[in-house]
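Structural characterization, general
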Amino acid sequence: MTTLDAGDVRVVCPTWCTVQHGYRHPPAKAEITHRSEPVWALADTPESGPTSLVEVSLIQWPYSNQPQVSLGVDTDDGFLEVGPTGGHRIAAALRAQADHIDTMVDQLVALRAGEGQ
């Protein structure tokens, strides 16, 4: 691949990289990115149909000053790149939120049944 600042660079992708590395304009070498296929947490509701909740993927900028692989997480706050500790904390927060949603659903069922009105 031809880069703006380093000329031709041979890009060898890790096995998990699924991007084609097709850039509209030649990138700077540090902008070359490996990404895995994104995985979305999805919910299919009878009221609204399918909805996406959060997207995660592996990401790496192999020629940057921080070339380690990270977990890319697409959130309401934007796209975050986190390490193992951050990834575990996000997963724990999602599990806690799921428990909270289950509690609220139980409350919803009781309200619809006429209890607590």
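Predicted, not measured: the structure shown is a model, and the values here were computed from it.

Criteria and cut-off values
Residues numbered from 1 in each chain as written. Predicted model: local features only at pLDDT ≥ 70, side-chain atom pairs only at ≥ 80, totals over all residues. Heavy atoms only, no water. Helix = DSSP H or I, 4+ residues; strand = E, 2+ residues; numbered from the N terminus. Rg over C-alpha atoms; globule rule 2.2 N^0.38 Å. Buried < 20%, exposed > 50% of the residue type's maximum accessible area, 1.4 Å probe, protein only. Contact = heavy atoms within 4.5 Å. Areas by Shrake-Rupley, 256 points an atom, 1.4 Å probe, with all protein chains shown as cover. Lys, Arg positive; Asp, Glu negative; His and termini not counted. Charge placed at Lys NZ, Arg CZ, Asp CG, Glu CD. Phe/Tyr/Trp six-rings, centres within 6.5 Å; stacked < 30°, edge-to-face > 60°. Lys NZ or Arg CZ within 6 Å of the ring centre and 35° of its normal. Pairing = 2+ DSSP bridges. Expected span 1.5 Å × (residues − 1).

Some remarks on the overall build of the protein chain
Looking only at helices and strands, the protein chain features 1 helix and 7 strands. Counting from the amino terminus, the protein chain carries its helices and strands in the arrangement β-β-β-β-β-β-β-α. Taking 2.2 N^0.38 as the reference for a compact globule, 117 residues should give roughly 13 Å; the C-alpha atoms of the protein chain span a radius of gyration of 21 Å, well beyond that estimate. Within the span of the protein chain, comprising 117 residues, buried residues form 18% of the whole. Within the protein chain, counting contacts between residues at least 6 apart in sequence, those at least 24 apart form 27% of the total. As displayed, the protein chain has an accessible area near 8600 Å², and 54% of this comes from carbon and sulfur atoms. Placing the 7 positive and 15 negative side-chain charges of the protein chain at their respective mean positions leaves the two points 10 Å apart.

Overview of the environment of Gly 87
Topologically, Gly 87 is positioned in helix H1 (residues 84-112). With 32 residues separating them along the chain, Gly 87 and Glu 55 place their C-alpha atoms 12 Å apart. Those residues in contact with Gly 87 that lie beyond four places of it in its chain are Leu 71 and Val 82.

Side note on the packing of aromatic side chains
Counted under the stated rule, the structure contains 0 aromatic pairs. Residue placement shows Arg 35 over the ring face of Phe 79; its charged tip is 5.2 Å from the ring centre.

Section: the pairing of strand S7 (residues 78-82)
Of the strand pairs in this sheet, strand S6 (residues 70-75) and S7 are connected by 5 bridges, and their pairing is antiparallel. Residue pairing in the sheet places Leu 71 in a bridge with Val 82 of S7. Taking the residues between adjacent antiparallel strands as the criterion, S6 and S7 are bridged by 2 residues.

Looking at H1
With 29 residues, H1 should cover 42 Å at 1.5 Å per step; its first-to-last C-alpha distance of 42 Å lies within 8% of that length. Two residues or fewer after H1 comes Gly 114, characterised by a positive phi angle close to 95°.

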